[in-house]
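Fold and contact review
Spelled out, the chains give:
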Amino acid sequence: MELLPAVLWCFAVVISVNLCCVCVIRGRFLQGGHPPVRPVSWGIVGLHLVSVLLFILPYPVYLLICGDFSTQARDFYTRMGWPSVVIVVLCVAAQLTLMYLQARRAMFTEMDERLKHAGK
């Protein structure tokens, strides 16, 4: 039981990193020029919401079951509270930034396609 909040938090970090990797790949940020990019899918938006909920979940879980923890576990979670919150904020900010940048590149792709069709 003492590991449950840490496992939930680590699971959320893994989902967040995966979501960021998907956005980098689909947004084609590593390619030069202006390659065609598709908009952010609803599945990615849903995964973002799931990751935010999973990031929030360990904190109330800890508060609900911390009475059963050993003093070492409580001290560990107390020391790691603020650093974990900083990492959560950075992960969520990275997700939002990458999704925004992908959506912006997709908007430029759509604009280029419309201008090509207008010129014909």
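Residues numbered from 1 in each chain as written. Predicted model: local features only at pLDDT ≥ 70, side-chain atom pairs only at ≥ 80, totals over all residues. Heavy atoms only, no water.

Helix and strand content of the protein: 5 helices and 0 strands. Each helix (α) and strand (β) of the protein, taken in turn from the N terminus, gives the series α-α-α-α-α. Radius of gyration (C-alpha) of the protein: 20 Å, far over the 14 Å computed for a compact globule of 120 residues. Seen through its C-alpha atoms, the protein measures out along the principal axes to roughly 70 × 25 × 15 Å. (Helix = DSSP H or I, 4+ residues; strand = E, 2+ residues; numbered from the N terminus. Rg over C-alpha atoms; globule rule 2.2 N^0.38 Å.)

Glancing now at helix 1 (residues 4-26). Residues that lie three or four places apart on an α-helix share one face, since the helix turns once every 3.6 residues. When the terminal C-alpha atoms of helix 1 are compared, their 33 Å separation across 23 residues agrees well with the 33 Å that a helix rising 1.5 Å per residue should span. Taken together, the buried positions of helix 1 are occupied by P5, L8, W9, A12, V13, I15, S16, L19, C20 and C23. Where helix 1 is buried, its residues contact helix 2 (42-56), helix 3 (58-65), helix 4 (71-79) and helix 5 (81-118). Looking one or two places after helix 1, you find R28, whose phi comes out positive at around 50°. (Expected span 1.5 Å × (residues − 1). Buried < 20%, exposed > 50% of the residue type's maximum accessible area, 1.4 Å probe, protein only. Contact = heavy atoms within 4.5 Å.)

Annotation from UniProt places "transmembrane region" (unreviewed entry) at residues 6-27, 39-61 and 81-101. End C-alpha to end C-alpha, residues 6-27 measures 31 Å, and it is 95% helix and 0% strand. End-to-end, the C-alpha atoms of residues 81-101 are 30 Å apart, and along that stretch the chain is 100% helix and 0% strand. (UniProt positions renumbered as here; feature names shortened; annotations may be inferred.)

All told, the structure shown has 1 salt bridge when counted by the stated rule. With a closest N to O distance of 2.9 Å, E110 and R114 form a salt bridge. Of this pair, E110 and R114 are both found in helix 5, 4 residues apart, which corresponds to roughly one turn of the helix. A relative accessible area of 40% places E110 in the partly exposed class. (Salt bridge = Lys/Arg side-chain N within 4 Å of Asp/Glu carboxyl O.)

So, about the packing of aromatic side chains. Under the defined criterion, the tally for this structure stands at 4 aromatic pairs. Taken together, a centroid distance of 5.5 Å and an interplanar angle of 65° make the contact between F76 and Y77 edge-to-face. We classify F76 as partly exposed; its relative accessible area is 38%. On the basis of relative accessibility, which here comes to 14%, the residue Y77 falls in the buried class. The rings of Y62, F69, F76 and Y77 are connected pair by pair, giving a single aromatic cluster. (Phe/Tyr/Trp six-rings, centres within 6.5 Å; stacked < 30°, edge-to-face > 60°.)

This part is about the packing of helix 1 against helix 5. Geometrically, a packed helix pair is captured by the angle between its two axes and the distance between the axes. Remark: helix 1 packs on helix 5, axes separated minimally by 9 Å, with the N-to-C direction vectors making an angle of 20°. Between helix 1 and helix 5, the angle is such that the two are roughly parallel. By crossing handedness, the relation of helix 1 to helix 5 is classed as left-handed. Contacts from W9, S16, L19, C20, C23, V24 and R26 in helix 1 reach S84, I87, V88, C91, A94, Q95, L98, M99 and Q102 in helix 5. Within the contact of helix 1 with helix 5, the residues separate by chemical class into 11 nonpolar, 4 polar and 1 charged. (Axes fitted to C-alpha atoms, helices over the stretch in contact; angles between N-to-C directions. Parallel < 35°, antiparallel > 145°, perpendicular 65-115°, else oblique. Left-handed = near helix turned anticlockwise from the far one by under 90°. Nonpolar A, V, L, I, M, F, W, Y, C, P; charged D, E, K, R; others polar.)

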